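In case you want the letters, here they are:
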Amino acid sequence: LITIRELYKNREEYLDKDITIGGWVRSLRDSKAFGFIVVNDGTFFEPLQVVYHDTMDNFDEISRLNVGAAVIVTGTLVATPQAKQPFEIQAREVEVEGASAPDYPLQKKRHSFEYLRTIAHLRPRTNTFQAVFRVRSLTAYALHRFFQERGFVYVHTPIITGSDCEGAGEMFRVTTLDLEDTPKDGQGNVDYSRDFFGKETSLTVSGQLNGETYAQAFRNIYTFGPTFRAENSNTTRHAAEFWMIEPEMAFADLDDNMMLAEAMLKYVINYVLENAPEEISFFNSFVDKGLLDRLKNVVSSEFARVTYTEAVEILEKNNDKFEYKVSWGTDLQTEHERYLTEEVYKRPVFVTDYPKEIKAFYMKQNDDGRTVAAVDCLVPGIGEIIGGSQREDDYDKLLARMKEMDLKEEDYEFYLDLRRYGSTRHSGFGLGFERCIMYLTGMGNIRDVIPFPRTVNNCEL
Ligand code: 4AD
Ligand code: MG
């Protein structure tokens with residue numbers, strides 16, 4: 001079978017030749033002596049029209065097909081200069097590989113994204129989701145390429161973990177115990193020493209802590225895997241299961257971190273513009289009209305940089321525009337992030353040096369005693385897409401901060417060890433992969449850029 005992609009990319013080679021394709025019926029039209037089938041095979045954004053005639057033995061069978069049926073078509077590829085598509089197949093044979101039931105839920109009309117979420121197993125057969133998931137695949141590859149070209153080592157960090165990287169207590173517990181039947185202590189706490197791992201364990205919220213250990217051996221590493229958060233935030237930007245890319249660099253400070261993040265985002269944008277032009281132009285026409293210009297501008301301009309303290313000064317002056325008022329010490333909400341990047345800077349912006357109270361325990365404390373060397377990257381349309389920092393590399397300061405934040409030292413011994421055996425200045429960040437796909441496609445809901453989304457009250461399929 002030849003792919004429709006190959007026909008489009010090297011059309012001169014195939015015109016007037018005999019070819020065979022396999023795909024799914026998008027639409028059908030028939031009259032007495034002939035009919036048309038539009039077939040998409042998933043390899044290319046554009047479908048292919050098939051013309052068939054009543055000279056075929058199975059003409060009636062073909063004409064009775066429903067949308068969604070799988071067919072194998074053999075015939076001649078002919079140019080159609082008058083039509084919207086550049087060519088079609090004059091079929092010699094249409095073999096029905098698998099018929100489709102008449103209740104096939106995807107008919108030739110526009111379905112809402114809400115409806116399509118209820119048929120997550122079939123939505124990849126629509127134009128929008130063909131485009132989304134091809135871009136998702138290409139972006140994953142582009143990220144690997146970016147880091148591999150720069151010599152970063154890909155580390156597979158564990159999914160089941162005994163530590164809470166972000167210290168936010170938003171972990172999904174992993175247990176084999178029957179919690180109802182397990183005896184509890186006086187305070188009603190379960191005794192996890194009886195559990196599979198002999199301790200309390202969870203699904204990871206971030207691979208960072210394990211990633212740091214490998215950075216202290218390989219210098220530059222990255223992780224790319226699923227992470228899990230039991231945040232009760234029912235928004236268009238939060239999923240309970242999402243993927244994160246987390247580079248970590250030894251001998252690197254916050255500035256190096258920002259340079260890497262900016263180069264990485266520009267690289268993936270360029271890669272997708274070059275390798276998925278049909279998809280991006282589809283999004284630009286049907287999903288987000290300003291997408292293409294915006295992406296092109298990002299590649300050719302420098303990201304803005306501002307400290308948290310400066311950002312708060314700007315935001316405070318505009319507090320009348322916000323639901324949540326800002327003052328020094330408040331965590332920035334999406335509305336504030338979007339205001340900064342969409343109204344003030346009109347491009348991606350790095351916000352640095354947040355108050356230590358609103359950031360994780362591992363961030364390097366600045367000399368002012370009240371901020372840490374954190375960096376978030378905010379982008380128009382989304383807000384935070386990257387969160388990172390320089391890490392605290394001083395054993396005593398780190399331990400003191402952990403104690404202040406009530407972290408159990410015994411769960412982080414390996415992490416403290418790194419500060420005892422050849423500690424280096426080091427930095428890293430996490431890019432939310434789904435938010436990156438939203439940014440590249442203009443799709444407005446995280447549920448529509450992950451094949452089978454898991455969000456509050458939703459774990460279907
Ligand atoms: O800012 P976060 O929480 O940072 C970390 O986890 C660090 N350990 C990363 C590091 O320094 N290695 O998360 C990083 C990014 C966010 O900027 C956001 O893009 C994404 O992960 N993210 C989510 N994406 C979807 N759903 C959620 N619930 C997310 N929570 C964070
Ligand atoms: Mg963050």
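Structure's up top.
These numbers come from a predicted model, not from an experiment.

Caption draft 1: Just the site of ligand 1, in detail. What surrounds ligand 1 is a group of 25 residues, the closest being Glu166, Gln208, Glu231, Glu246 and Glu384. A distance of 2.7 Å separates a nitrogen atom of ligand 1 from a polar atom in the side chain of Glu231. Here Glu384 contributes a side-chain N or O atom positioned 2.6 Å from an oxygen atom of ligand 1. Relative to its unbound accessible area of 630 Å², ligand 1 is 94% covered by the protein chains. Broken down by secondary-structure element, the contributors of at least two residues to the shell around ligand 1 are strand E11 (241-250), strand E15 (383-390) and strand E16 (426-432). For the shell around ligand 1, the leading source of residues is E15, giving five residues. In terms of residue class, the shell around ligand 1 is made up of nine nonpolar, eight polar and eight charged.

Caption draft 2: Local environment of the pairing of strand E5 (residues 87-98). Inspection of the sheet shows strand E3 (residues 48-53) paired to E5 by three bridges, in the parallel sense. Bridge pairing in E5 links Val51 to Gln90. Both strand E4 (residues 70-79) and E5 contribute to a ladder of ten bridges, which runs antiparallel. Each residue of the ladder has a partner; that of Thr74, found in E5, is Glu93.

Caption draft 3: Representation of the packing of helix H9 (residues 291-300) against helix H14 (residues 433-441). Two numbers describe how H9 lies on H14: the axes approach to 8 Å, and their chain directions differ by 115°. Overall, the two elements H9 and H14 adopt an arrangement that is roughly perpendicular. Judged by residue contacts, Leu291, Leu295 and Val298 of H9 engage Tyr439, Leu440 and Thr441 from H14. Looking at the contact of H9 with H14 residue by residue, the class counts come to five nonpolar, one polar and no charged.

Caption draft 4: Up close: the sheet that holds strand E8 (residues 173-174). Overall, antiparallel pairing links the three strands, which are arranged E7-E9-E8 in an open sheet. This sheet does not close on itself; its edge strands, each paired only once, are strand E7 (160-161) and E8.

Caption draft 5: Fine view of the environment of Gly430. Relative to the elements of secondary structure, Gly430 occurs in strand E16. The buried category is assigned to Gly430, whose relative accessible area is 10%. Considered as a pair, Gly430 and Pro247 are 183 residues apart in the sequence and their alpha carbons are 7.0 Å apart.

Caption draft 6: Structural view of helix H11 (residues 334-344). All of the buried residues along H11 are His336, Glu337, Tyr339, Leu340 and Thr341. For H11, the elements touching its buried residues are helix H10 (308-316), strand E13 (349-355), strand E14 (371-379) and E15. Taken from the residues just after H11, Lys346 is the one with a positive phi, measuring 55°.

Caption draft 7: Representation of the pattern of salt bridges within the structure. Per the counting criterion, the structure on display carries 22 salt bridges. Note that Lys199 is salt-bridged to Asp411, the shortest N-O span being 4.0 Å. With Lys199 in the loop between E8 and strand E9 (201-203) and Asp411 in the loop between helix H12 (395-404) and helix H13 (413-417), this pair connects stretches of sequence that are 212 residues apart. Taking the shortest distance from any N to any O, the salt bridge between Glu212 and Arg391 comes out at 3.8 Å. Remark: Arg391 occurs in the loop between E15 and H12 and Glu212 occurs in helix H6 (residues 208-218); sequence separation between them is 179 residues. Here Arg391 falls in the buried class, since its relative accessible area comes to 2%. Taken together, the shared-partner salt bridges in this structure form one network comprising Glu212, Glu248, Arg391 and Arg419.

Caption draft 8: Structural detail: the pairing of E15. Judged by how many residues are buried, E15 sits mostly within the fold: six of eight residues are covered. Examined bridge by bridge, E14 and E15 share six bridges and lie antiparallel to one another. Looking at E15, one finds that Val379 is bridged to Gly383. Linking two consecutive strands that pair antiparallel, namely E14 and E15, is a turn of three residues; a positive phi of about 90° is found at Gly381 within it.

Caption draft 9: Structural detail: the side chain of Arg419. Take Arg419: it is sitting in the loop between H13 and E16. Within polar-contact distance, the side chain of Arg419 engages the side chain of Tyr415 at 3.1 Å. The contact partners of Arg419, leaving out residues within four places of it in the chain, are Glu212, Arg391, Glu392, Asp393, Asp394, Tyr395, Leu398 and His426.

Caption draft 10: Broad picture of empty space enclosed by the protein. Within this structure, the stated rule accounts for four cavities of 30 Å³ or more. Taken together, Arg229, Glu231, Ser233, Asn234, His238, Ala239, Ala240, Arg447, Thr455 and Val456 form the lining of the largest cavity. When its residues are assigned to classes, the lining of the largest cavity shows three nonpolar, four polar and three charged.

Rules used throughout
Residues numbered from 1 in each chain as written. Chains lettered and ligands numbered in written order. Predicted model: local features only at pLDDT ≥ 70, side-chain atom pairs only at ≥ 80, totals over all residues. Heavy atoms only, no water. Near = heavy atom within 4 Å. Polar contact = N/O pair within 3.5 Å; in protein donor to acceptor, adjacent residues only side chain to side chain. Areas by Shrake-Rupley, 256 points an atom, 1.4 Å probe, with all protein chains shown as cover. Helix = DSSP H or I, 4+ residues; strand = E, 2+ residues; numbered from the N terminus. Nonpolar A, V, L, I, M, F, W, Y, C, P; charged D, E, K, R; others polar. Pairing = 2+ DSSP bridges. Axes fitted to C-alpha atoms, helices over the stretch in contact; angles between N-to-C directions. Parallel < 35°, antiparallel > 145°, perpendicular 65-115°, else oblique. Contact = heavy atoms within 4.5 Å. Buried < 20%, exposed > 50% of the residue type's maximum accessible area, 1.4 Å probe, protein only. Salt bridge = Lys/Arg side-chain N within 4 Å of Asp/Glu carboxyl O. 1 Å grid on protein atoms, 1.4 Å probe; cavity = no way out; pocket = protein on both sides within 12 Å on 5 of 7 lines; lining within 4 Å. Points joined across faces, edges and corners; volume = space filled by probe spheres on them.

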